[in-house]
Amino acid sequence: MMDKLPIRAGIVGTGYAANQRAQTLQADARSQLVVVSGHTPETVQDFVQRHQTSVVESWQQVVAHPDVDLVFVCTINRDHGAIVRAALTAGKHVVVEYPISLDPTEAESLIALAQAQGKLLHVEHIELLGGLHQALQQSLPEIGTPFYARYVTIVPKQPAPQRWTYHRDLFGFPFKAALPHIHRFTNLFGNVATVSCNAQFWQNSDYYRACLCTAQLQFLKGLIAHVTYGKGEVFWQRLRTFEVHGDQGTLVFEGDQGKLIRGEEEQPITVAGRRGLFVQDTQMVLDHLMDGKSLYVSSAASLYALQVGDAACQSAETNHKIMLK
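Quantities reported herein were computed from a predicted structural model and do not represent experimental measurements.

Student: Looking at this structure, how should I read the pairing of strand β14 (residues 265-269)?
Tutor: Bridge count between strand β13 (residues 257-262) and β14: 5 bridges; the pairing is antiparallel. Counterpart to isoleucine 261 in the pairing with β14 is glutamate 266. Where β13 folds back on β14, the antiparallel hairpin that results is connected by 2 residues, among which glycine 263 adopts a positive phi of roughly 65°.

Written out as structure tokens, the structure reads:
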């Protein structure tokens, strides 16, 4: 816990998550946004004016800043591990948008470093705070023993943007980068026994036009899950569907609509919206640092999901089923 106010923060990045973090930090009397760094000069200047803070040229300067107690890492996935390590080594608390790192071995070493330094390493997983996951969690007892689940996310983009989220090195393998597609399952159903995965990329430059990844997870409890992630120019219909089949009923969530199905009987399930989740996450971090309140997710849980995502990557590369320990 910290014994002085305000908590002085630095942010690496100027995108949507960074803006939500900055707005929350500046609105809370317990915190102050001291400094930010970013890649695009125009975006950085807009960010600085909007949030009334200072700018430095690099993330290294944010991490080394003597007035910063807490670093938020809101930039490209490829750089997460290096920034987190530098911030922890400099004695800062760290909040990082998932994943901790694209390399599970590095992620594990960063968790150990945070413990050795006595510093917070919090990995954002706002999907657990969102209405879909909350409704799923609350409704699971209604369907008895779950035995099959399916999660499909398809996002059409015409044309595909030349952004880091469409770059294989900067974004990473989709089931490590878009980690909630794995983490939702491990949070609900526990440990995974085997992973099989196929992946396809439509690529004619460093940036791909589309990607499609499908994986099958066999859980130790016996449940089988299929997860599909696709985005880009080759898709024409947006989908966000989560199904869980149990021996006493089925849960189906499509977009923001949910229902419990038992034969001819269908019961609607209320699904709360997704607004304000970064604000909630940031406030929870401040609560933890000031009052020692528990956070909603552990870095160990995020690491495990990353290890499953990495197994999916290995399976796609080798065309073999991967056995997890």
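Student: Can you walk me through the sheet that holds strand β11 (residues 239-246) in this structure?
Tutor: Sheet strands pair via backbone hydrogen bonds, and the direction of the pair is either parallel or antiparallel. Here 9 strands make up an open sheet; going across it, the order is β14-β13-β12-β11-β7-β10-β9-β8-β15 and the pairing mixed. If you trace the sheet from one side to the other, it starts and ends with β14 and β15 (322-323), each paired once. The pairing of β11 with strand β12 (residues 249-254) spans 6 bridges and is classified as antiparallel. What sits directly across from valine 244, in β12, is leucine 251. The sheet contacts of helix α9 (residues 180-189) involve β7 (146-156), β8 (192-203), β9 (208-219), β10 (224-232) and β11, and relative to β7 the element is tilted by about 160°. Helix α11 (residues 299-318) contacts β8, β9 and β15 of the sheet and is inclined by roughly 60° relative to β8.

Student: Which parts of the structure should I look at to understand the sheet that holds strand β2 (residues 31-37)?
Tutor: With parallel pairing, the 6 strands of this open sheet are ordered in space as β3-β2-β1-β4-β5-β6. Lying at the two open borders of the sheet, with one neighbouring strand each, are β3 (54-55) and β6 (121-124). Bridge analysis of β2 against β3 gives 2 bridges, and the strand direction is parallel. Paired with valine 35 across the two strands is serine 54, which belongs to β3.

Student: Help me out: how do you make sense of unusual backbone geometry in this one?
Tutor: Working note: non-glycine residues mostly have negative phi, and peptide bonds are mostly trans. For the peptide bond that leads from tyrosine 98 to proline 99, omega is -5°, which places it in the cis range. When you line up the elements, proline 99 lands in the loop between β5 (93-97) and α5 (104-117). The omega torsion across glutamine 158 and proline 159 is -5°, close enough to zero to call that bond cis. Mapped onto the elements, proline 159 comes out in the loop between β7 and α7 (168-171). Backbone geometry places glutamine 52, a non-glycine residue, at a positive phi of 55°. As for its placement among the helices and strands, glutamine 52 is situated in the loop between α2 (41-51) and β3. With a relative accessible area of 66%, glutamine 52 lands in the exposed category. The phi angle at asparagine 319 is positive, at roughly 60°, despite the residue not being glycine. Assignment of secondary structure puts asparagine 319 in the loop between α11 and β15.

Student: Teacher, can you tell me more about the state of the cysteines here?
Tutor: Throughout this description, disulfide means a covalent bond between two cysteine sulfur atoms. For the structure on display, the rule yields 0 disulfides. A disulfide-free cysteine, cysteine 213 has its sulfur positioned 5.3 Å from the sulfur of cysteine 211, the nearest such atom. The exposure class assigned to cysteine 213 is buried, which follows from its relative accessible area of 0%.

Student: What is the right way to read the nonpolar core from this model?
Tutor: In globular proteins that are soluble, nonpolar side chains generally tend to be buried together. Counting residues in hydrophobic clusters, the biggest one holds 73 residues, and the most contacted among them are Leu121, Phe175, Phe185, Phe189, Leu217, Phe242 and Phe253. Looking at which element gives the most residues to this core, the answer is α11, with 8 residues. Residues contacting leucine 121, with those up to four places away along its chain left out, are Val84, Leu88, Val94, Val96, Ile100, Leu110, Ile111, Ala114 and Ser299. By size, the runner-up hydrophobic cluster in this structure holds 20 residues, among which are Val36, Phe47, Val48 and Leu286.

Student: I keep staring at the packing of α5 against α11 and nothing clicks. Help me out?
Tutor: In a pair of packed helices, the angle between the axes and the distance between the axes together describe the arrangement. In the contact formed by α5 and α11, the axes pass within 9 Å of each other and the chain directions differ by 170°. Judged by the angle between their axes, α5 and α11 are roughly antiparallel. Across the interface between the two elements, Pro104, Ala107, Glu108 and Ile111 from α5 touch Ser299, Ala300, Leu303, Leu306, Gln307 and Asp310 from α11. The class makeup of the residues in the contact of α5 with α11 is 6 nonpolar, 2 polar and 2 charged.

Student: What is the right way to look at the packing of aromatic side chains in this model?
Tutor: Geometrically, a pair of aromatic rings is defined through the distance of the ring centres and the angle of the planes. Counted according to the given criterion, the structure contains 11 aromatic pairs. Between the aromatic rings of tyrosine 16 and phenylalanine 278, the centroid separation amounts to 5.9 Å while the plane-to-plane angle is 70°, which identifies the pairing as edge-to-face. Separated by 262 residues along the polypeptide, tyrosine 16 in helix α1 (residues 16-27) and phenylalanine 278 in helix α10 (residues 277-291) bring together distant segments of the chain. Residues tyrosine 151 and phenylalanine 185 carry aromatic rings whose centres are separated by 6.3 Å and whose planes lie at 65° to one another, so their mutual orientation is edge-to-face. On the criterion of sequence distance, the pair formed by tyrosine 151 in strand β7 and phenylalanine 185 in helix α9 is long-range, its members being 34 residues apart. In this structure, tyrosine 151 and phenylalanine 185 share a single accessibility class: buried. Three or more aromatic residues joined by ring pairs make a cluster, and in this case those are Tyr151, Phe185, Phe189, Phe219 and Phe242. A cation sits over an aromatic face here: lysine 231 above tyrosine 166, 4.7 Å from the ring centre.

Student: Explanation requested: a positive patch on the surface in the structure shown.
Tutor: The grouping of Lys157, Arg163, Arg238 and Arg274 at the surface amounts to a positive patch. Considering the arrangement of structural elements, one finds arginine 238 in the loop between β10 and β11. Judged by relative accessible area, arginine 238 falls into the exposed class, the value being 53%.

Basis of the calculations
What you see as residue numbers is a count from 1 along each chain, following the sequence as written. For a predicted model such as this one, the threshold for reporting local features is a pLDDT of at least 70, and the threshold for listing and counting side-chain atom pairs is 80 or more; totals across whole chains, interfaces and linings nevertheless cover every residue. For the side-chain quantities, the full set of heavy atoms in the structure was used; hydrogens and water were omitted. DSSP bridges decide pairing: two strands pair if at least two such bridges lie between them. By the criteria applied, helices consist of DSSP H or I runs no shorter than four residues and strands consist of E runs no shorter than two, each listed in order from the N terminus. Contacts were defined at the residue level, with two residues in contact if any of their heavy atoms lie within 4.5 Å. What counts as an axis is a line fitted to C-alpha atoms, over the stretch in contact for a helix, and the angles between N-to-C directions run from 0 to 180 degrees. Partly exposed residues are those whose accessible area sits between 20% and 50% of the maximum for their type, while under 20% is buried and over 50% is exposed, using a 1.4 Å probe and protein chains only. Sulfur atoms of two cysteines make up a disulfide when they are within 2.5 Å. Residue types Ala, Val, Leu, Ile, Met, Phe, Trp, Tyr and Cys, when buried and joined through side-chain atoms within 4.5 Å, form a set referred to as a nonpolar core. The scheme is simple: roughly parallel for angles under 35 degrees, roughly antiparallel for over 145, roughly perpendicular for 65 to 115, oblique for anything else. Residue classes follow a fixed rule: Ala, Val, Leu, Ile, Met, Phe, Trp, Tyr, Cys and Pro count as nonpolar, while Asp, Glu, Lys and Arg count as charged, and any other residue, Gly among them, counts as polar. Any two of the Phe, Tyr and Trp rings considered here, Trp counted by its six-membered ring, make a pair once their centres fall within 6.5 Å; the pair's planes then place it as stacked at under 30 degrees, edge-to-face at over 60, or tilted in between. A ring has a charge above it when a Lys NZ or an Arg CZ is no more than 6 Å from the ring centre and no more than 35 degrees off the ring normal. Within the patch definition used here, like charges are joined within 9 Å and nonpolar side chains (Val, Leu, Ile, Met, Phe, Trp, Tyr) within 5 Å, considering only residues with over 30% relative accessible area and no salt bridge. Surface accessibility follows the Shrake-Rupley procedure with a 1.4 Å probe radius. Residue values consider only the protein chains on display as shielding. We define a salt bridge as a side-chain nitrogen of Lys or Arg found within 4 Å of a carboxyl oxygen belonging to Asp or Glu. When charges are counted, neither His nor the chain ends are considered; positive counts come from Lys and Arg and negative counts from Asp and Glu. A single reference atom marks each charge: NZ on Lys, CZ on Arg, CG on Asp, CD on Glu.

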